[in-house]
Amino acid sequence: MSDRRNQLGEYLTARRGLVTPERVGIPGGGRRRVPGLRREEVAMLAGISADYYLGLERGRDRNPSVQVLESLARVLQLGDEELAHLLGLASDKPRRTRREPVVETVPPGVAALVASLPHPAFVEGRYFDVLASNPVAVALSPRLRVGGNQLLDVFLDPEERALYPDWEGTTDCYVSSLRRAIGSDTDDPRPIELVGELTLASARFRELWNRHDVSVQRGAWYVIDHPGVGRMKLNRERLGVSGSAGPHVVVFHAEAHSPEADALELLRMTALTP
């Protein structure tokens, strides 16, 4: 993971590279050394001096006003979630001591609920560790066992990758969600470990990580190509655990009386067969 001391500058640089001159009304004629906007173009459009903006990118000024950040967000075409991420980076305060790893736990009632559900269900931690799961979830993907990590599996395990016909969209969602989960909390040992391993092992992860995209995981339809029951379009719900800011319960389910519902029932019966 990059140096936390200039997270704001790195984010501005990455997002600047994603905005073409044409998108902000600047003619893009001639050869350009940068893929997106130049620093002076961002400064001009945001109404600040080029030298001040350069200081932001290089970490010389770490206390920009909210008004300046909102202007930059407008120029860089950031959405609400990305603006919140930008504001969080600007308000970051360095820690004096290294953090100890946080051990995420699953309340007994939540674990019992997950075990009792007839649908594939599991508890994922803040950084996509599998903290609890039921047999139907493991039948859906053998990687959804306690101790697994969805990020490592979806990027590095060929069998997990094969489950997702839209693998590129799936990985895009995971990385942008990871960015938001980390925020400015960049000295947590767990994401440092994950990002380091994935950066070394996956070119796709490096590409997405360098974009600095930010998003929130929400309920959505996922298409899963299961080797045993075929292709299914399943709804993936992500529910917060009361009293906890990290773990979420994830449940896959299908429309009633659909082929997907029959396929999930077959998975359930397979999972329960001794």
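All residue numbers refer to position in the chain's written sequence, counted from 1. Local features are withheld for residues below a pLDDT of 70 in this predicted model, meaning they are given only at 70 or higher, and side-chain atom pairs are given and counted only at 80 or more; totals for whole chains, interfaces and linings count all residues. To obtain the side-chain values, all non-hydrogen atoms of the structure were included, while hydrogens and water were left out.

A short note on the overall build of the protein
A run of DSSP states H or I qualifies as a helix once it reaches four residues; a run of E qualifies as a strand once it reaches two. Both are numbered from the N-terminal end. When you go through the protein residue by residue, the secondary structure sums to 13 helices and 5 strands. Viewed in the frame of its principal axes, the protein has a C-alpha envelope of about 70 × 45 × 30 Å. A 1.4 Å probe rolled over the protein chains alone gives each residue an accessible area, and that area as a share of the maximum for its type sets the label: buried under 20%, exposed over 50%, partly exposed in between. Expressed as a percentage of its 274 residues, the buried residues of the protein come to 47%. The contact criterion used throughout is that any non-hydrogen atoms of two residues lie within 4.5 Å. Of the contacts made within the protein by residues no fewer than 6 positions apart, 57% connect residues no fewer than 24 positions apart. Calculation of accessible area relied on Shrake-Rupley with a 1.4 Å probe; when residues are assessed, cover is drawn exclusively from the protein chains displayed. Carbon together with sulfur atoms contributes 53% to the accessible area of the protein, which is approximately 14100 Å² in total.

Digging into empty space enclosed by the protein
Here a cavity is any set of points on a 1 Å grid over the protein atoms alone where a 1.4 Å probe fits but cannot get out, and a pocket is any open set with protein on both sides within 12 Å along at least 5 of 7 lines; a residue lines the site when it has an atom within 4 Å of a point. Grid points are joined across faces, edges and corners, and a volume is the space filled by probe spheres set on the points. Under the criterion given, the structure shown has 2 cavities of 30 Å³ or more. As a volume, the largest cavity reaches approximately 100 Å³. Leu 144, Gln 150, Glu 160, Tyr 164 and Tyr 174 are, among the 14 residues lining the largest cavity, the residues nearest its centre. Tallying contributions element by element places helix α8 (residues 150-156) first for the lining of the largest cavity, with 3 residues. Of the residues belonging to the lining of the largest cavity, the class tally is 9 nonpolar, 2 polar and 3 charged. Residue polarity follows a fixed list, in which Ala, Val, Leu, Ile, Met, Phe, Trp, Tyr, Cys and Pro are nonpolar, Asp, Glu, Lys and Arg are charged, and the others, Gly among them, are polar.

Considerations on the pattern of salt bridges
The rule for a salt bridge is simple: a side-chain nitrogen of Lys or Arg has to be within 4 Å of a carboxyl oxygen of Asp or Glu. Going through the model one piece at a time under the given rule, you end up with 16 salt bridges. Two residues, Arg 15 and Glu 82, come together in a salt bridge whose shortest N-O distance is 3.5 Å. Here Glu 82 lies in helix α5 (residues 80-90) and Arg 15 lies in helix α1 (residues 7-16), a separation of 67 residues in the sequence. Among the charged side chains, a salt-bridge network with shared partners connects Arg 15, Glu 82, Arg 211 and Asp 213.

Overview of the sheet that holds strand β2 (residues 130-133)
The 5 strands lie next to each other as β2-β1-β5-β4-β3, forming an open sheet whose pairing is antiparallel. This sheet does not close on itself; its edge strands, each paired only once, are β2 and β3 (220-226). Averaged over all neighbouring strand pairs, the angle between strand axes comes to 30 degrees, with direction disregarded. For strand β4 (residues 230-240) and strand β5 (residues 248-253), the ladder comprises 6 bridges, and the chain directions are antiparallel. Within β5, the position partnered with Glu 237 by the bridge is Val 251. By this definition, two strands are paired if DSSP reports at least two bridges between them. Lines fitted to C-alpha atoms define the axes here, with helix axes fitted over just the stretch in contact, and angles between the N-to-C directions of these axes take values from 0 to 180 degrees.

Thoughts on α1
Along α1, 8 of the 10 residues are buried, which leaves the element largely enclosed by surrounding structure. If you check which residues of α1 are buried, you get Gln 7, Leu 8, Gly 9, Tyr 11, Leu 12, Ala 14, Arg 15 and Arg 16. Buried residues along α1 sit against α2 (39-46), α3 (50-58), α4 (66-75), α5 and α10 (167-182).

Regarding the pairing of β3
Relative to β4, β3 runs antiparallel, the two sharing 7 bridges. Residue pairing for β4: Val 223 is matched across the bridge by Lys 233. In this structure, the hairpin formed by β3 and β4 is closed by a connection of 3 residues.

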